[in-house]
Structures are given as C-alpha cells and as structure tokens.
Amino acid sequence: MDSMHMPHTITIPNGKKVVATFTRAELEERLARLRIHMAAKSIDTVLLTSYHNINYFSDFVYCRFGRDYGLVVTQDNYTTVTANIDGGQPYRRTQLGNNLVYTDWHKGNFFVALQSLIKDGSRIAVEYDHMTMNTIGIMQETFPGSEFTDIGAPTMQMRMVKSAEEIALIKHGARIADIGGQAVRDAIAVGVPEYEVALAGTQAMR
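Residues numbered from 1 in each chain as written. Predicted model: local features only at pLDDT ≥ 70, side-chain atom pairs only at ≥ 80, totals over all residues. Heavy atoms only, no water.

## Regarding the nonpolar core
The nonpolar side chains of a soluble globular protein tend to be buried, and buried together.
So, point 1. Leu34, Val46, Phe57, Val73, Leu114 and Met139 are the most contacted members of the largest nonpolar core, which has 36 residues in total.
So, point 2. With four residues, the top contributor of residues to this core is helix α4 (residues 109-115).
So, point 3. When residues no more than four places from it in sequence are discounted, the contact partners of valine 73 are Leu31, Leu34, Arg35, Met38, Asp44, Thr45, Val46 and Tyr78. (Core = buried A, V, L, I, M, F, W, Y, C linked by side-chain atoms within 4.5 Å. Buried < 20%, exposed > 50% of the residue type's maximum accessible area, 1.4 Å probe, protein only. Helix = DSSP H or I, 4+ residues; strand = E, 2+ residues; numbered from the N terminus. Contact = heavy atoms within 4.5 Å.)

## Some details on the sheet that holds strand β2 (residues 45-48)
So, point 1. Reading across the sheet, the seven strands line up as β1-β5-β4-β3-β2-β6-β7 and stay open at both edges, with mixed pairing between neighbours. At either end of the open sheet lies a strand with only one pairing partner, and these are β1 (9-10) and β7 (147-150).
So, point 2. Of the pairings in the sheet, the one linking strand β3 (residues 70-73) to strand β4 (residues 78-83) comprises four bridges and is antiparallel in character. Bridged to valine 73 within β4 is tyrosine 78. (Pairing = 2+ DSSP bridges.)

## Quick notes on a nonpolar patch on the surface
So, point 1. On the surface, Met156, Met160 and Val161 cluster together into a nonpolar patch covering about 330 Å² of accessible area.
So, point 2. Assignment of secondary structure puts methionine 156 in helix α6 (residues 152-160). (Patch = residues over 30% accessible without salt bridge, like charges linked within 9 Å, V, L, I, M, F, W, Y side chains within 5 Å. Areas by Shrake-Rupley, 256 points an atom, 1.4 Å probe, with all protein chains shown as cover. Salt bridge = Lys/Arg side-chain N within 4 Å of Asp/Glu carboxyl O.)

## What about unusual backbone geometry?
So, point 1. For aspartate 59, which is not glycine, the phi torsion reads 75° and is therefore positive.
So, point 2. With respect to the helices and strands, aspartate 59 occurs in the loop between α2 (51-58) and β3.
So, point 3. In this structure, phenylalanine 65 takes a positive phi of about 50° despite not being glycine.
So, point 4. As for its placement among the helices and strands, phenylalanine 65 is situated in the loop between α2 and β3.
So, point 5. A relative accessible area of 53% means that phenylalanine 65 is categorised as exposed.

## A short note on the pattern of salt bridges
So, point 1. Going through the model one piece at a time under the given rule, you end up with eight salt bridges.
So, point 2. The partner of glutamate 28 in a salt bridge is arginine 24, with the nearest N and O atoms 3.2 Å apart. Of this pair, glutamate 28 and arginine 24 both sit in helix α1 (residues 24-40), separated by four residues, roughly a single helical turn.
So, point 3. Look at glutamate 28 and you get partly exposed, because its relative accessible area is 39%.
So, point 4. Arginine 67 is paired through a salt bridge with aspartate 104; the nearest N and O atoms lie 2.7 Å apart. Of this pair, arginine 67 sits in the loop between α2 and β3 while aspartate 104 is found in the loop between β5 (98-102) and α4, placing the two residues 37 residues apart along the sequence.
So, point 5. The exposure class assigned to arginine 67 is partly exposed, which follows from its relative accessible area of 22%.
So, point 6. The exposure class of aspartate 104 is partly exposed, given its relative accessible area of 48%.
So, point 7. Taken together, the salt bridges that share partners define one network made up of Glu26, Arg30 and Glu166.

## Quick look at α6
So, point 1. Within α6 the residues assigned to the buried category are Gly152, Pro154, Thr155, Met158 and Arg159. End-on view of α6: buried residues confined to an arc of 165°, all on one side of the axis. Every exposed residue of α6 that faces more than 90 degrees away from the buried side is listed here: Gln157 and Met160.
So, point 2. Looking at the packing, one finds that the buried side of α6 touches α1, β2, α2, β6 (123-126) and β7. (Arc of directions from axis to C-beta.)

Encoded structure:
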C-alpha cells in the first residue's frame, strides 16, 4: 500500500490505563473549572498544546520529537491528539477522555486530526503564549470560519491555585529531594568523581 492510501489517523486502545498522578475527582474538578470558563466566555472548543496544560488536564506528558501534540476539550468530550511514534502510551495515560493518533504518512496530519474533533465556524481557544505564529496561521487556514481567542492566561491562573492533592504531592517531592540533597552533600569529598556524587543522590531518592 502506497502512502497516498495510508490512514491519516488511527486509534491504539491497547493495555490498561496507568495509575494516575492524581485522583479522578481531582482531574474532573480541573476540567470542570475549564468548562465553566469556556461557558462564561462562549468558547466552543479549547485546544491545549503546551506540556504543562496537556499534563495538567489529562495527566499525559509528551516528548515532542519535532511533532505537534494537543488536547481538545469541549463541554462533552476531551481527546489527546498524539503522534504515532508514541504508540498506545498516550491512550494508557489519558485518564478521563479519548486519544486520537495521527500518522506520519501525510504532512499536516495533526491538523487533519483536529478537523475530526473541532467544528469549523466555532469559537476556538488556543494558547497564544505557546503556539507559534506559523501554527496559528495553519490553524486559521484549517478553520477559516472560526474565531480564535486566548486560553493561555486563564489556564495559568487556574494552575496557580493549588489543590490539597497538589500540595501533598509537592511536599512529598520536596521531602524526597531533601534526601537526595543530603546524600550528595555527604558523598562530596576530595577525589570523588562527579558521577559518583550524582549516583549517591539518585540512589538515595529511589
């Protein structure tokens, strides 16, 4: 089969969902706050593209490898849009919604995937502080009838207020970091190689 007949998008629903960083209730509360903002600002669809926002609202952390990643949120659904290089991992790590994989068989398949999730003519919120001018231009060409607005600043304000679960996780992480720091301090001595000092810290934290 030649590339012209290969699929633009696929789904890879393999394996069980991984244990989430936060509880389902925590993630649902984050989505609820985002959707309240969407309703108040007459936003039909949110497209998140940054590491921090995709992780915050879906619990999936991507590794870009020169490819685009997204999280499409509406009042009824949310879907991570990921590159085929990740296989089924994004499906397993996307906690509450769906996952759509785009392939490399055709240039611009990321935007083809978005077209299957976003209706042209709708009001779309994107992260102006993360999306490049080139990508914004392609978005405008892909959805010529749509109106675009910013979601970067509002989501930043949402993330600034930490929940009880987030505070507990931060304290736990800081405690582990202190253990590693003390081990590094104790390992430092004349003639000890740097990699041995680093190894002492990572072993203590593990």
